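Coordinate inspection notes
Okay, here's what each chain looks like letter by letter:
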Amino acid sequence: MKALAAISLIGLFALPIAAQEPAPDPELQEQYELSQAVREAGQSPIDVIRALEAHLKKYPASKERGAIEQGLAKAALDSNDNARIILYGEKVLQQKNLKDDPGLIDRVTRALLDSRDPAQTKKALDYAKRYESDLRALRTQTPPGHLTPGQWSDELDRAMARALALEALATGNMEGPEEALKIAMQSWEACPTGEGAREVAYWLIKLDRNREAIEYYANAFTLEDSRTTEDDRARDRKRLGELYSKLNGSEKGLGDTILQAYDRTAALMSERRENLKAKDPNAVAANIGDFVLPAVEEDTPPLAISSLKGKTVVMDFWATWCAPCRAQQPLIENVKKLFEDAKDVVFVPVDTDDDLSLAAPFVKEQGWEPGYFEAGLAQRMIISSIPTVLVLDPAGRISSRMTGFIPQRFEQMLTQRIEEARKNH
């Protein structure tokens, strides 16, 4: 899960009117000053914190206090300011009618644990349990944005592993290693991660089960985990060496232990990927050719993009709400006519609507080719605005990306880029 969703501070505190000078009304005057302060702070989290705290000092009863605290929490996260992450993060989490952000709970919990204070640890345990509860509730909801069910399930598994690792640490500090180890093992089982493996190893050592701890430190060292940094691996290697030498007198044989852990974790992650792929072919799709797109029309089979290898593919990303997409569509049709006898050129319309039920009636009404749903492809390809047209060469590589369109030149530009892609073999 992402940390606190990106808040556009300029948008959050934008003036409700197009005023350029301070307004005489006290409330509008405050809004003007707030908007100006945020604009002057720019993109610097430290300057944003300074500006917003000064504003709250001047206007302690501000009606915008909740939004300002959200901005302060985000700026604290961006600047890794633990004291303010706790101060403002807790204020945000206590706001009524505000949906919990799992990423914010994660960071607040970690900051509380880092304080090493017993009272803060108790709070951390409460937040970790709340984090776990929120994630369980999210499993019953429709995947947000353009995540497929499999991608959503994978994100929730990884977040659950983090929540349980935090809960294990807080539990151990308050209730002892036995209970902590049980929860740490739940983290590892929810989704194997370097953090979960380290947490298991830590509590195994506390219970004087050092040989088992070596296995889990080796798991952490060898596991394929994007959240594990080089510094993490260096620390895992050091702990492995120290613990192994303590039990065996030297590091002789440690290499075999590490190789066994590599085989073990590689098999574990391969099995996990295969299970996810069986449920959702796009859950582990890393490249454009890995995706299988479901059709807008129910009776049409899905499209495996890999099946188009050897052809030049024009992928038009559109949405029902997009007026420029409607203006662009006739131009795409004109280009299609130019290549109607070219069996090596394929046009694939790709719908990016959040509400999938809108697409079928819309294309029927417009008389468009139904095409396919994006199924996570737009996020993977970083399609940040609509319309966007991708042109893939016969090897399946992105040859061109056209974001937006220039009506007067669109047909010429797209035709030229298709011809250029066809030459790439």
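This text gives an overview of the structure that appears in the document.

Quick notes on the overall build of the protein
- When helices and strands are tallied, the protein shows 17 helices and seven strands.
- Each of the 425 residues in the protein was classed as buried or not, and the buried ones make up 46%.
- Taking all contacts inside the protein whose residues are at least 6 apart in sequence as the whole, residues at least 24 apart take part in 62%.
- Side-chain charges in the protein split into 55 positive and 67 negative, and the spacing between the mean points of these groups amounts to 3 Å.

A closer look at the packing of aromatic side chains
- Going through the model one piece at a time under the given rule, you end up with six aromatic pairs.
- Relative to Y216, the ring of W188 lies with its centre 5.7 Å away and its plane at 80 degrees, an arrangement referred to as edge-to-face. Here the residue W188 occupies a position in helix α9 (residues 177-190), and Y216 occupies one in helix α11 (residues 210-222), the gap between them amounting to 28 residues. The two residues W188 and Y216 agree in class, both being buried.
- Grouped by ring-pair contacts, the aromatic residues W318, F362 and W368 constitute a single cluster.

Digging into the state of the cysteines
- What the rule picks out here adds up to one disulfide.
- Shown here is the disulfide that connects C322 with C325, its sulfur atoms set 2.4 Å apart. The S-S bond linking C322 to C325 shows a torsion near 85 degrees; that makes this disulfide right-handed. Both residues of the pair, C322 and C325, count as buried.

Structural notes on helix α17 (residues 410-422)
- Taking 1.5 Å per residue as the helical rise, α17 with its 13 residues ought to reach 18 Å, and the 18 Å between its terminal C-alpha atoms agrees with that figure.
- Along α17, the positions that sit buried rather than exposed are F410, M413, L414, T415, I418 and A421.
- In this structure, the buried side of α17 is in contact with β3 (312-318), α14 (323-338), β4 (345-351), β6 (388-392) and β7 (398-403).

A word on the pattern of salt bridges
- With the rule as written, the count across this model stands at 29 salt bridges.
- With its nearest N and O atoms 2.6 Å apart, the salt bridge here joins D47 to R50. Linking D47 with R50, this pair stays in helix α3 (residues 45-58), spanning three residues, or about one helical turn.
- One connected set of salt bridges, linked through shared partners, spans R139, D154, D157, R158 and R272.

Structural notes on the packing of helix α8 (residues 149-175) against helix α13 (residues 254-279)
- The interhelical angle for the contact between α8 and α13, taken along N-to-C directions, is 140 degrees, at an axis separation of 10 Å. Packed against α8, whose contacting residues are G150, D154, D157 and R158, the element α13 presents M269, R272 and L276 at the interface.
- Residues that form the contact of α8 with α13 fall into these classes: two nonpolar, one polar and four charged.

Brief notes about the pairing of β6
- Of all the five residues making up β6, five are buried; the element is thus mostly covered by neighbouring parts of the structure.
- Both faces of β6 are covered, namely the face carrying T388, L390 and L392 and the face carrying V389 and V391.
- Pairing between β6 and β7: five bridges, direction antiparallel. Bridge assignment links V389 to a residue of β7, and that residue is M402.
- Linking β6 to β7, which pair antiparallel, is a turn of five residues; within it G396 sits at a positive phi near 85 degrees.

Quick notes on empty space enclosed by the protein
- Applying the stated criterion across every chain, the model contains one cavity of 30 Å³ or more.
- The volume enclosed by the largest cavity comes to roughly 70 Å³.
- As for the largest cavity, its lining consists of V314, D316, Q329, I332, E333, K336, F347, V348, P349 and E369.
- Contributing elements (two or more residues each) for the lining of the largest cavity: β3, α14 and β4.
- For the lining of the largest cavity, the element with the most residues is α14, which contributes four residues.
- When grouped by side-chain class, the residues that make up the lining of the largest cavity number five nonpolar, one polar and four charged.

Focus: the packing of helix α6 (residues 102-114) against α8
- Between α6 and α8, whose axes approach to 11 Å, the crossing angle comes to 25 degrees. One element, α6, and the other, α8, form an angle in the roughly parallel class. You can see that α6 and α8 cross each other, and the crossing is left-handed. Of the residues in α8, those in contact with D106, T109, R110 and L113 of α6 are R162, L166, L169, A170 and N173.
- In terms of residue class, the contact of α6 with α8 is built from four nonpolar, two polar and three charged.

Let's talk about the pairing of β3
- In terms of burial, β3 is largely enclosed, as seven of its seven residues are buried.
- Alignment of β3 against β4, held across seven bridges, turns out to be parallel. Pairing of V314 across the sheet is with F347, part of β4.
- Bridge analysis of β3 against β6 gives five bridges, and the strand direction is antiparallel. When the bridges of β6 are listed, F317 appears paired with T388.

What to know about the environment of L164
- Topologically, L164 is positioned in helix α8.
- Since its relative accessible area comes to 3%, L164 is described here as buried.
- Taking the C-alpha atoms as reference points, L164 and A327, 163 residues apart in sequence, are found 50 Å from one another.

Definitions and limits used
Residues numbered from 1 in each chain as written. Predicted model: local features only at pLDDT ≥ 70, side-chain atom pairs only at ≥ 80, totals over all residues. Heavy atoms only, no water. Helix = DSSP H or I, 4+ residues; strand = E, 2+ residues; numbered from the N terminus. Buried < 20%, exposed > 50% of the residue type's maximum accessible area, 1.4 Å probe, protein only. Contact = heavy atoms within 4.5 Å. Lys, Arg positive; Asp, Glu negative; His and termini not counted. Charge placed at Lys NZ, Arg CZ, Asp CG, Glu CD. Phe/Tyr/Trp six-rings, centres within 6.5 Å; stacked < 30°, edge-to-face > 60°. Disulfide = S-S within 2.5 Å. Expected span 1.5 Å × (residues − 1). Salt bridge = Lys/Arg side-chain N within 4 Å of Asp/Glu carboxyl O. Axes fitted to C-alpha atoms, helices over the stretch in contact; angles between N-to-C directions. Nonpolar A, V, L, I, M, F, W, Y, C, P; charged D, E, K, R; others polar. Pairing = 2+ DSSP bridges. 1 Å grid on protein atoms, 1.4 Å probe; cavity = no way out; pocket = protein on both sides within 12 Å on 5 of 7 lines; lining within 4 Å. Points joined across faces, edges and corners; volume = space filled by probe spheres on them. Parallel < 35°, antiparallel > 145°, perpendicular 65-115°, else oblique. Left-handed = near helix turned anticlockwise from the far one by under 90°.

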